[in-house]
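Here is how the chains run, residue by residue.
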Amino acid sequence: MTLKTKLLAATAICAAGAVHAEEMEVMHWWTSGGEAAAVSEFAKALNERTDHTWIDGAIAGGGDTARPVMVSRILGGDPPAAFQFNHGLQAQELIEAGLMLDLTDVAEAEGWTDIVNPPSLLDACTYEGRIYCAPVNIHSWQWMWLSNDAFEQAGVEVPESWTEFTEAVPALQEAGITPLAVGGQSWQQNGMFGVMAIALAGQEDWLAVNRDKNAEVARGESYARVFQAFADARDWSDGLDVQDWNQATNAVIEDTAAAQIMGDWAQGEFAVAGETAGEDYSCLPGLGEVAILDTGGDAFYFPVTGDPDMEAAQKELAALLLSPEVQVAFNSAKGSLPIRGDVDLTTVNECTQKGLDLLANNQTLPSGNQLLSPDTTTQLNDLMTEFWNTPSMTAEEAQERYAQIIESAG
Amino acid sequence: MAVASDEGRVSTSRTETAQARRPVRLFRNLMSKIALTPMILTAVVVFFGGTIWTVVYSFTSSGLLPRMNWVGLDQYERLWSTAKWLVSIQNLALYGILSLVFTLVIGFVLAALLDRKIRFEDTFRTIFLYPFALSFIVTGLIWQWILNPDFGIQGIVRDMGWESFTFNPLNDPDIVMYGLLIAGLWQGTGLIMCIMLAGLRGIDEDIWKAARVDGIGTVKTYVRIIIPMMRPVFVTAVVLITSGIIKLYDLVVAQTSGGPGISSEVPAKYVMQAMFGGQNLGQGFAASTMMLLSVVIILVPWALLEFGGRKRG
C-alpha cells in the first residue's frame, strides 16, 4: 500500500467516525459532591463505551433554577442532547408539544417493561402509550431518621413507629432535646406532610386524594388525623431555627434533635459524618406504621433535534443509562436505589437494605410528583409552610384549604 | 431623498416655502431621529408588545408553554383568593412606604451633615456609598449572617453576657419584613445621599448668606428654603427608590426565600414562583399584570403632574 492510499484510508475512517460520533450536551442539576461523582459515572460510560462525547451541562441551584433554563433552551431551538427532570408531570407539556424524542423503540429493544421495577416509573415516562424518558434512579420520601443517642439521653427506647415516637416526646422535651428537626423551606414541610399522610391516613385514602383528587376524602376523618399529627409535629419542632434540610439532619447527627422526616438522600449526610446505621442512627420507612416506599426520582428526557445521527446517539445514551453496570455505578455513588431489580449495589447498609426489600416486595407507591402537577405542588407547599409558621392557624382550617386545592386540581 | 427634494424646492420658490414647511417638520433633526429609531422600535416592540402579550395571555390557562386557551378571569380570581399573594401585597406596601420614607430622610440627613464642610468628607462619602456597589444578592447574604441568631448580632450580645437579649427578625414572621428593610436601607441610602449631596452643592452660597442675614436658623433654612429648592432632586430620588421597591425580589430570595412560611413573600417572587416553579404561566402573567396595574395607577398620574405640568409652564 502506498502512502497515498494509506492516507486516503485514514481520512475515510476519520470521516466515517465523524458522521456517527456526536458531542452530546447533557443538562442536569447534580452539583453536590455525591451527585457530581454519580453523574461522572454516566459521562465515563458514554465516553468509554460509545464513540460519543459527554459535554457536561450542569446548572447549579437545584431543579427550580435549572428547569426554566432547560425549557428556554428547548423552546429557543437550541436543545441539549439530553436533560434531567424528575419523574412525572414536569415534562408533560413538552411532550404534548412534540418536543421530546419518542423512545418507545429503544424501550422495546431493551425490554424496559420487564426490567424497570416498580413499573410505575415507566408509567410516569409514558404518554398516550409512548415512552418519552429514561428513568435512572429511585428516591423515596418515606423515611424517618432517629438519633439513637438522643433517645438514650432522654432515657427512652428508640421508637419503632410514629405512635411510639409520640409517646417518647415528653421525655425528650424534658431532656432538652428538640423532638423533631424540620428545616424552614416549604418543600420540606409539604414532603413531610405527604409522608405522614401515607403513614397515618393509609395508602388507600392517600391515593384517593392524590391520584383521584377526591376532596371528600381530604375533608374526611382520616385526613383530620393527619392534620392533627402535623399540628403536633409543628409544636415539637419549636426551638430549632434552621433553613436547609441538611442543617436539620445535622441536628439529628449532633443529637440536639431526636428525629427528622426526610427522604433517603439524608442518609448521605449520616455517612459523611461517619455514623453507622443501626448503631448511631435508626431509620423507619413509612414512619414504622406502613411498610411502603414512594418511588420518585430522576429521569432523562431527549429533545427532538431533527438530526438522525443525533437521534441515534440519543437512543444509544438512553439504553446505556439503564444498562446494569451503569445503574450500579451511578446509584452506588448517589445513594439512590437502582430502577431495575436484577442488579446488586456494591455497598448496602441496614437502611438501604430495608428499602431494597420493600422494592423487591413491590410495596411501592407512585410519588407526589407523578400524581400532582407542579402547579398543585406549589400551592400545597405554600399552604403547608404557612400552616407551619402560623401558630394561630388550626388543623381544621388547614384541612379545609387543603381540600379546596385538591378540588381545584381535579 | 425626500429631504433633498424638499430643500431644492425651498431654494427655488419662496411662495411654496410656507406650504412645504409643514410636512417637512417631520424631517427636522433627521439624523437624531434616525438614530433614535432603533430605541423607539425596541420600546414599542419589546415593552408595549411584551406587555400586551403578557396581559392577553393572563386570560388563558397557559401552563409550561403559552397556549391560547381562554379562561376569562379565572387566573385573577385564583390570584386574589391566594393567601400568598395577599401577604405579598401587604409586605410590598409595608416595605415600600417605610423604605421610601426612611431612604429619603436618612439620605437627606446624611447629605446635609456631609455638606456642613466636615473633615474627611470623602472618606465618609465612600463609606456610605460602598454598600451600593454590592448586589442585592450579596447584601441579602451578608444580612442573613448578621441577623443569624447563633452567629450574628444576637449571638455576639449574648456572648458578652446579656443572656436574654433577643434580636431574631429573620425567624419571626411578625417582624421579618423589618429585617429585609434594614438590609435594603443599608444598601440603598448611600446612592440617595450622593444625589442629595449633589443637589445641596447646587444651591447657591448666596441663599445661605441671605438666610443668615435674615436670622433664620440652620434647620429652618433647610426645611423651608433648601428642600423646596431641591424639588427636582427629590423627584429623581423618589423615582429611583420606587422602581427599586416594585422590583424587590433578589434581596428576599437571598435573605429569607420568602420565609419563615410565607411571611416575607413579595409580588415579584410570586410571579417567578408561579411561572417557573409551578409551571403556570397564566397565573404568573395575571400576577405581573396586577403589578403593572398598580404601577400605572400610582405612578402615571404622579408622573403626569410632575413632568407634564412643567412642560406646559
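What you see is a predicted model, and the numbers here were worked out from it, not measured in a lab.

Reading the values: the criteria
- Residues numbered from 1 in each chain as written.
- Chains lettered and ligands numbered in written order.
- Predicted model: local features only at pLDDT ≥ 70, side-chain atom pairs only at ≥ 80, totals over all residues.
- Heavy atoms only, no water.
- Helix = DSSP H or I, 4+ residues; strand = E, 2+ residues; numbered from the N terminus.
- Rg over C-alpha atoms; globule rule 2.2 N^0.38 Å.
- Buried < 20%, exposed > 50% of the residue type's maximum accessible area, 1.4 Å probe, protein only.
- Contact = heavy atoms within 4.5 Å.
- Areas by Shrake-Rupley, 256 points an atom, 1.4 Å probe, with all protein chains shown as cover.
- Lys, Arg positive; Asp, Glu negative; His and termini not counted.
- Charge placed at Lys NZ, Arg CZ, Asp CG, Glu CD.
- Core = buried A, V, L, I, M, F, W, Y, C linked by side-chain atoms within 4.5 Å.
- Domains from an automatic or database assignment.
- Buried area = accessible area lost by both parts, 1.4 Å probe.
- Salt bridge = Lys/Arg side-chain N within 4 Å of Asp/Glu carboxyl O.
- Polar contact = N/O pair within 3.5 Å; in protein donor to acceptor, adjacent residues only side chain to side chain.
- Nonpolar A, V, L, I, M, F, W, Y, C, P; charged D, E, K, R; others polar.
- Pairing = 2+ DSSP bridges.
- Axes fitted to C-alpha atoms, helices over the stretch in contact; angles between N-to-C directions.
- Phe/Tyr/Trp six-rings, centres within 6.5 Å; stacked < 30°, edge-to-face > 60°.
- Lys NZ or Arg CZ within 6 Å of the ring centre and 35° of its normal.
- Parallel < 35°, antiparallel > 145°, perpendicular 65-115°, else oblique.
- Left-handed = near helix turned anticlockwise from the far one by under 90°.
- Disulfide = S-S within 2.5 Å.

**Q** Mind laying out the overall build of chain A, listing which residues take part and the relevant values?
**A** Looking only at helices and strands, chain A features 21 helices and 13 strands. Taken against the 2.2 N^0.38 rule, which gives 22 Å for 410 residues, the C-alpha radius of gyration of chain A at 23 Å falls within 12% of a compact globule. When its C-alpha atoms are laid out on the principal axes, chain A stretches across 90 × 45 × 35 Å. When each of the 410 residues of chain A is scored for burial, the buried share is 55%. By sequence separation, contacts in chain A at least 24 residues apart represent 76% of the contacts at least 6 residues apart. For chain A, the computed accessible surface area is about 16,500 Å², with 49% contributed by carbon and sulfur atoms. Charged side chains of chain A number 17 positive and 62 negative; the gap between the two group centres comes to 10 Å.

**Q** I'd love a proper account of the nonpolar core, names of residues and values included.
**A** Counting residues in hydrophobic clusters, the biggest one holds 139 residues, and the most contacted among them are A:Trp112, A:Trp162, A:Phe165, A:Met196 and A:Tyr402. Per element, the largest residue contribution to this core is nine residues, and it comes from helix α10 (residues 186–201) of chain A. Each of domain 1 (23–139 + 296–360) and domain 2 (143–294 + 366–409) of chain A contributes no fewer than three residues to this core. Among residues more than four places away in sequence, those in contact with A:Phe165 are A:Met144, A:Leu146, A:Phe151, A:Pro159, A:Leu172, A:Pro179, A:Leu180, A:Trp236 and A:Ala259. Judged by nonpolar contacts, the second largest core, of 37 residues, contains B:Trp208, B:Ile241, B:Ile245 and B:Leu251.

**Q** Account for the interface of chain B and chain A, with residues named and values stated.
**A** For interface size, the figure often reported is the accessible area lost on association. Counting from both sides, the interface comprises 20 residues of chain B and, opposite them, 22 residues of chain A. Summed over the three residues of chain B that lose the most area to chain A, namely B:Leu64, B:Leu65 and B:Gln279, the buried surface amounts to 28% of that side. A salt bridge links A:Glu93 to B:Arg67; its shortest N-O distance comes to 3.6 Å. Between the two partners, chain B and chain A, sit eight residue pairs in polar contact (both at pLDDT 80 or more). For the side of chain B that touches chain A, the elements supplying multiple residues, two or more each, are α5 (83–114) and α14 (267–277) of chain B. Tallying contributions element by element places α14(B) first for the side of chain B that touches chain A, with three residues. Split into classes, the residues belonging to the side of chain B that touches chain A amount to eight nonpolar, nine polar and three charged.

**Q** Can you lay out the sheet that holds strand β10 (residues 281–285) of chain A for me, pointing to particular residues and giving the numbers?
**A** All names here are of chain A. Spatially, β8-β9-β7-β10 is the arrangement adopted by the four strands of the open sheet, whose pairing is mixed. Looking at which strands have only one partner, the edges of the open sheet turn out to be β8 (178–180) and β10. Across this sheet, the average inter-strand angle for adjacent strands is 15°, counted without regard to direction. The sheet contact formed by strand β7 (residues 143–147) and β10 spans five bridges and is antiparallel. Within β10, the residue paired with Trp-145 across the bridge is Cys-283. Running over the sheet, helix α14 (residues 245–253) touches β7 and β9 (257–261) and is turned about 140° from β9.

**Q** Account for the pattern of salt bridges, naming residues and giving values.
**A** Applying the stated criterion to the full structure yields 23 salt bridges over all chains. Notably, a salt bridge pairs B:Arg67 with A:Glu96, separated by 3.2 Å at the nearest N-O pair. Pair noted here: B:Arg67 is in the loop between α3 (30–57) and α4 (74–80) and A:Glu96 is in helix α4 (residues 92–96), and the two residues belong to different chains. Through salt bridges that share partners, B:Asp115, B:Glu121, B:Asp122, B:Arg125 and B:Arg201 make up one connected network.

**Q** If you had to explain the domain arrangement of chain A to someone new, which residues and values would you point to?
**A** All names here are of chain A. Along its sequence, chain A is carved into domain 1 (23–139 + 296–360) and domain 2 (143–294 + 366–409). Domain 1 and domain 2 are separated by 28 Å when their C-alpha centres are compared. Every contact between the two is made by 19 residues of domain 1 and, on the other side, 21 residues of domain 2. Overall, the association of domain 1 and domain 2 removes approximately 1,500 Å² of surface from exposure, summing both partners, and the carbon and sulfur fraction of that is 62%. The three residues of domain 1 that bury the most area against domain 2 are Leu-89, Cys-351 and Leu-358, which together make up 35% of that side's buried surface. There are zero salt bridges connecting domain 1 and domain 2. Where domain 1 meets domain 2, there are three residue pairs in polar contact (both at pLDDT 80 or more). Listed by contribution, the elements that provide at least two residues to the side of domain 1 that touches domain 2 are α7 (120–125) and α18 (350–360). Counting residues per element, the side of domain 1 that touches domain 2 draws most heavily on α18, which supplies six residues. Its residues placed into classes, the side of domain 1 that touches domain 2 shows seven nonpolar, ten polar and two charged.

**Q** I'd love a proper account of the packing of aromatic side chains, names of residues and values included.
**A** Across all of its chains, the model carries 38 aromatic pairs over all chains by this definition. Seen from their ring centres, A:Phe230 and A:Phe387 are 5.7 Å apart, and the 15° between their planes marks the pair as stacked. Of this pair, A:Phe230 sits in helix α13 (residues 221–236) while A:Phe387 sits in helix α20 (residues 374–389), and the two are 157 residues apart along the sequence. A single burial state applies to A:Phe230 and to A:Phe387, both of which are buried. Ring centres 5.5 Å apart and planes at 75° place the aromatic pair B:Trp53 and B:Phe285 in the edge-to-face group. Within this pair, whereas B:Trp53 is found in helix α3, its partner B:Phe285 is found in helix α15 (residues 281–312), the two being separated by 232 residues in sequence. One aromatic cluster in this structure is built from A:Phe193, A:Tyr223, A:Phe227, A:Phe230, A:Phe387, A:Trp388 and A:Tyr402. The ring of A:Phe387 has A:Arg234 sitting right over it, with the charged end atom 4.1 Å from the ring centre.

**Q** Outline the packing of helix α2 (residues 33–49) of chain A against helix α17 (residues 324–334) of chain A, listing residues and values.
**A** Residues and elements named next belong to chain A. Running from N to C, α2 and α17 cross one another at 160°; their axes reach a closest spacing of 7 Å. Put simply, α2 runs roughly antiparallel to α17. Every pair of crossing elements has a handedness; the one defined by α2 and α17 is right-handed. When α2 is examined against α17, the residues Gly-34, Glu-35, Ala-37, Ala-38, Val-39, Glu-41, Phe-42, Ala-45 and Arg-49 are found in contact with a partner set consisting of Glu-325, Val-326, Ala-329, Phe-330, Ala-333 and Lys-334. Looking at the contact of α2 with α17, its residues break down into nine nonpolar, one polar and five charged.

**Q** Which residues make up the pairing of strand β3 (residues 82–86) of chain A, and what values do they have?
**A** All names here are of chain A. Along β3, five of the five residues are buried, which leaves the element largely enclosed by surrounding structure. In β3, alternate side chains face the same way, and those of Ala-82, Gln-84 and Asn-86 on one face and Phe-83 and Phe-85 on the other are all buried. Alignment of strand β1 (residues 23–28) against β3, held across two bridges, turns out to be parallel. When the bridges of β3 are listed, Met-27 appears paired with Phe-83. As paired strands, β3 and strand β12 (residues 298–301) are joined by four bridges and run antiparallel to one another. Each bridged residue has a counterpart across the sheet, and for Phe-83 the counterpart in β12 is Tyr-301.

**Q** Please give an account of the state of the cysteines that cites residues and values.
**A** All names here are of chain A. In total, this model carries two disulfides over all chains according to the counting rule given. Each disulfide pairs two cysteine sulfurs, and for Cys-125 the partner residue is Cys-133, the sulfurs being separated by 1.8 Å. On the S-S bond that ties Cys-125 to Cys-133, the torsion sits near -90°, and the link is left-handed. According to the relative accessible area criterion, Cys-125 is buried, its value standing at 1%. For Cys-133, a relative accessible area of 0% gives the class buried. For chain A, the bonded cysteines connect in the pattern 1-2, 3-4 when numbered consecutively along the sequence.

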